[in-house]
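Residue-level structural notes
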Amino acid sequence: MLNILSISYISIALIFLVYSIISYKKKSIIYAVRDGKEKVTVLKDDYYKMQLLFCVLNCILLILETLIIYIHSNSGLFTLYYIGTFWIVNYLLKFMAIKMKYLGKCHE
């Protein structure tokens, strides 16, 4: 059972990586970058490179987590770690992009 779960979690990370490469080429935002009622817009195209780098980092972390859990055969809180890693990297990207002025807030 752990083999099937591990393969599926690694597959999810790899599918997300392929999706991010496609989004990079199309110059579309793949992470949730809304901030309450304010919409966040891309000010510099360098954001897309940054997004791709963070996605690669995110996928590597998710795959490493999956392998570590598989080796230790302890899947108790794994799903929380997996989702937590994804969202922490997501918010770190948003925070850094706003600080570097790659993203700006637009009031709707």
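**Re the confidence of the model for the protein**
Residues with a pLDDT of 70 or more make up 83% of the protein, whose mean pLDDT is 83. Ranking the elements of the protein by mean pLDDT puts strand β2 (residues 103–106) last with 77 and helix α2 (residues 46–72) first with 89.

**Considerations on the packing of α2 against helix α3 (residues 78–99)**
At a minimum axis distance of 10 Å, the contact between α2 and α3 shows a crossing angle of 160°. Put simply, α2 runs roughly antiparallel to α3. Remark: the crossing between α2 and α3 carries right-handed chirality. Contacts between α2 and α3 involve Y47, M50, Q51, F54, N58, L61, L62, E65, T66 and I69 from the former and F78, Y81, Y82, T85, F86, V89, L92, L93, M96 and A97 from the latter.

**Quick look at the packing of aromatic side chains**
Taken as a whole, this structure holds five aromatic pairs when the rule is applied. Their ring planes at 50° and their centres at 4.7 Å tell us that Y9 and Y82 sit as a pair that is tilted. One end of the pair, Y9, is in helix α1 (residues 2–26); the other, Y82, is in helix α3, and 73 residues separate them in sequence. Pair check on accessibility: Y9 and Y82 agree, each one buried.

**Remarks on the environment of C59**
Within the element layout of this structure, C59 appears in helix α2. What makes C59 buried here is its relative accessible area of 3%. Among residues more than four places away in sequence, those in contact with C59 are A13, F16 and L17.

**Here we look at the side chain of T85**
With respect to the element layout, T85 can be found in helix α3. Contact partners of T85, with chain neighbours within four places excluded, come to N58, L61, L62 and E65.

**Overview of the side chain of Q51**
Among the structural elements, Q51 can be located in helix α2. Here the side chain of Q51 touches S28 through a polar contact of 3.1 Å, landing on its backbone oxygen.

**Remarks on a nonpolar patch on the surface**
On the surface, a nonpolar cluster with roughly 630 Å² of combined accessible area is contributed by V56, I60, L64, L67, I68, Y70 and I71. Structurally, I68 is set in helix α2.

**Examining the nonpolar core**
V40, Y47, Y48, M50, F54, V89, L93, A97, Y102 and L103 together form the largest nonpolar core, which totals 10 residues. Those elements giving two or more residues to this core turn out to be α2 and α3. Ranked by residues supplied to this core, first place goes to α2 with four residues. The residues contacting Y48, other than those within four sequence positions of it, are Y24, K27, S28, I29 and V42. Core analysis: the next-biggest nonpolar cluster, separate from the first, contains six residues, A13, L62, I69 and Y82 among them.

Calculation criteria
Residues numbered from 1 in each chain as written. Predicted model: local features only at pLDDT ≥ 70, side-chain atom pairs only at ≥ 80, totals over all residues. Heavy atoms only, no water. pLDDT = per-residue confidence, 0-100. Helix = DSSP H or I, 4+ residues; strand = E, 2+ residues; numbered from the N terminus. Axes fitted to C-alpha atoms, helices over the stretch in contact; angles between N-to-C directions. Parallel < 35°, antiparallel > 145°, perpendicular 65-115°, else oblique. Left-handed = near helix turned anticlockwise from the far one by under 90°. Contact = heavy atoms within 4.5 Å. Phe/Tyr/Trp six-rings, centres within 6.5 Å; stacked < 30°, edge-to-face > 60°. Buried < 20%, exposed > 50% of the residue type's maximum accessible area, 1.4 Å probe, protein only. Polar contact = N/O pair within 3.5 Å; in protein donor to acceptor, adjacent residues only side chain to side chain. Patch = residues over 30% accessible without salt bridge, like charges linked within 9 Å, V, L, I, M, F, W, Y side chains within 5 Å. Areas by Shrake-Rupley, 256 points an atom, 1.4 Å probe, with all protein chains shown as cover. Salt bridge = Lys/Arg side-chain N within 4 Å of Asp/Glu carboxyl O. Core = buried A, V, L, I, M, F, W, Y, C linked by side-chain atoms within 4.5 Å.

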